[in-house]
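Inside the fold
Here is how the chains run, residue by residue.
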Amino acid sequence: MRAAFLALVVVLALAVGVLVRSCAAAGGADGRGPALSGAADPVERLQVEVVGTLPHDPRAFTQGLEMAGGALYESAGLSGRSTVGWGPPGGAPTQRARLSAPLFGEGITIVGRTLWQLTWRDHVAIERDSRTLAELRRVPYKGEGWGVCHQPSRDRLVTSDGSARLALRDPGTLRKKSSVVVTLDGRRVDRLNELECVGDLVYANVWPTDRIVRIDVDTGRVTGEISAAGLISTAERRHADVLNGIAAIPGTDQFLLTGKWWPKMFRVRFVAASHTAGPSHRTPEPGTSSGRRSQPSAMAHPPGYRRW
């Protein structure tokens, strides 16, 4: 009986050991709990690779930037001094419209033959003809308007208001359908500004930094974080404001980046971050310049220029 009892104890001990090892494996190396299935992919850390430089109007307080139909559309803000125009990238506008004072123009996006333009705190959005820029109508807009972009495949607009929340809207009426909070590693990403839709993803400037985040709008999760630091020189920064303006170049993996009162616009790719600080540079592609142009005169920031 004693021998049989000892054999039973040994069998139970072995079984308990197997169970403990199994639980530890399920909970990770420390065995503290069950492993999470479907864990989020790591966030990509990216930087800009400059492939070309273009002139940019240093008087433009850039709020929105978008490529459509081979033209570059740009919205420039400031109360009573806001404009929207389109033309060749790096060239003078072919068409331009001014907003009546005291409207403060913000983000823009193209939807078919029309253009939507938000205003900052004027509680109105303006629909325009995308070629003539003639005003077609105004619609009420609750809250602050910052950035906007269009996702045609999802039949929706994505808008920002300076918080961590993006709103999803009807592209014909701007009616808000739903919203999502943007997070990076579980933490809210506040002050989302100018937006650019690329497929199902959205790229957003984080005001007032040199950061851009790539967002899965269905979940709100940031899937990529891009450093655009060092694009303009220290001397140029004395007459300029923050990075603001992202335009995907259709048919390529490249983007145009600029900022408020920047004298340059950069044609870039987003590449894996290296250990060296600042953007990497390549020989400019044909049709782009070194970006040299006269510096803008020093400007004092106008009252209420941005944001609080």
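Residues numbered from 1 in each chain as written. Predicted model: local features only at pLDDT ≥ 70, side-chain atom pairs only at ≥ 80, totals over all residues. Heavy atoms only, no water.

With that settled, consider the pairing of strand 19 (residues 221-227). Of all seven residues making up strand 19, five are buried, and the element is well covered by its neighbours. When strand 18 (residues 211-216) meets strand 19, the two strands line up antiparallel, connected through six bridges. Within strand 19, the position partnered with Val213 by the bridge is Glu225. Counting the residues in the hairpin turn of strand 18 and strand 19 gives four residues, including Gly220, whose phi is positive at 85°. (Buried < 20%, exposed > 50% of the residue type's maximum accessible area, 1.4 Å probe, protein only. Helix = DSSP H or I, 4+ residues; strand = E, 2+ residues; numbered from the N terminus. Pairing = 2+ DSSP bridges.)

Our next topic: the side chain of Ser160. Turning to its location among the elements, Ser160 is positioned in strand 11 (residues 156-160). We classify Ser160 as buried; its relative accessible area is 1%. At 2.8 Å, the side chain of Ser160 and the backbone nitrogen of Gly147 are in polar contact. (Polar contact = N/O pair within 3.5 Å; in protein donor to acceptor, adjacent residues only side chain to side chain.)

Moving on: the sheet that holds strand 5 (residues 95-98). Spatial strand order, 2-3-4-5: four strands in an open sheet with antiparallel pairing. The open sheet has two free edges, formed respectively by strand 2 (62-68) and strand 5, since each of these has just one partner strand. Strand-to-strand twist in this sheet, taken as the mean axis angle between neighbours without regard to direction, amounts to 10°. (Axes fitted to C-alpha atoms, helices over the stretch in contact; angles between N-to-C directions.)

Time to look at the packing of aromatic side chains. Inspection of every chain in the model, using the stated rule, returns eight aromatic pairs. Relative to Phe266, the ring of Trp262 has its centre 6.3 Å away and its plane inclined at 85°; by these criteria the two rings are edge-to-face. Given the relative accessible area of 0%, Trp262 is considered buried. Here the aromatic cluster, defined as three or more aromatic residues joined through ring pairs, consists of Tyr203, Phe255 and Phe270. Residue placement shows Arg131 over the ring face of Trp86; its charged tip is 4.0 Å from the ring centre. One residue, Lys260, lies across the ring of Phe61, its end atom 4.5 Å from the ring centre. (Phe/Tyr/Trp six-rings, centres within 6.5 Å; stacked < 30°, edge-to-face > 60°. Lys NZ or Arg CZ within 6 Å of the ring centre and 35° of its normal.)

Topologically, Gln47 is positioned in strand 1 (residues 44-55). Of the residues examined, Gln47 reaches a relative accessible area of 8% and is grouped as buried. At a separation of 3.3 Å, a polar atom in the side chain of Gln47 contacts the main-chain amide nitrogen of Ser274.

With that settled, consider unusual backbone geometry. With the exception of glycine, most residues fall at negative phi, and the peptide bonds are largely trans. Across the junction of Ala101 and Pro102, the peptide omega takes the value 5°, indicating a cis bond. Tracing the backbone through its elements, the reader meets Pro102 in the loop between strand 5 and strand 6 (105-111). Each neighbour pair has its own omega, and for Trp207 with Pro208 the value is 0°, a cis peptide bond. As for its position among the elements, Pro208 is in the loop between strand 17 (201-206) and strand 18. Its identity is not glycine, yet Asp185 carries a phi of approximately 55°, on the positive side. One can find Asp185 in the loop between strand 14 (183-184) and strand 15 (187-188). On the basis of relative accessibility, which here comes to 60%, the residue Asp185 falls in the exposed class.

When the charged atoms of two side chains lie near each other, side chains of opposite charge can form a pair. In total, this model carries 16 salt bridges according to the counting rule given. Where Asp185 meets Arg45, a salt bridge forms, and the shortest distance between an N and an O atom there is 3.4 Å. Residue Asp185 is located in the loop between strand 14 and strand 15, and its partner Arg45 is located in strand 1; the two are separated by 140 residues in the primary sequence. Look at Arg45 and you get partly exposed, because its relative accessible area is 41%. Close ionic contact of Glu236 with Lys264 constitutes a salt bridge, the shortest N to O distance being 3.0 Å. Note that Glu236 is positioned in helix 2 (residues 234-237) and Lys264 in strand 22 (residues 264-272), a separation of 28 residues in sequence. Since its relative accessible area comes to 16%, Lys264 is described here as buried. Through salt bridges with shared partners, a single network forms among Arg45, Asp185, Arg211 and Glu225. (Salt bridge = Lys/Arg side-chain N within 4 Å of Asp/Glu carboxyl O.)

The next thing to look at is the confidence of the model for the protein chain. Chain-level pLDDT for the protein chain is 84 on average; 77% of the residues reach the 70-or-more range. Under a pLDDT of 50 for its full length, residues 1-38 has, in the predicted model, nine contacts with residues more than four places off or in other chains. With pLDDT under 50 throughout, residues 285-308 is counted as low confidence; its partners more than four residues away or in other chains account for 64 contacts. (pLDDT = per-residue confidence, 0-100. Contact = heavy atoms within 4.5 Å.)

Taken together, the four strands give an open sheet; going across it, the order is 6-7-8-9, and neighbouring strands pair in antiparallel fashion. Both edges of this open sheet fall to strand 6 and strand 9 (135-140), since each of them pairs with a single strand only. The average undirected angle you get between the axes of adjacent strands in this sheet is 20°. In this structure, strand 6 lies alongside strand 7 (residues 114-119), joined through five bridges in antiparallel fashion. Paired with Val111 across the two strands is Thr114, which belongs to strand 7.

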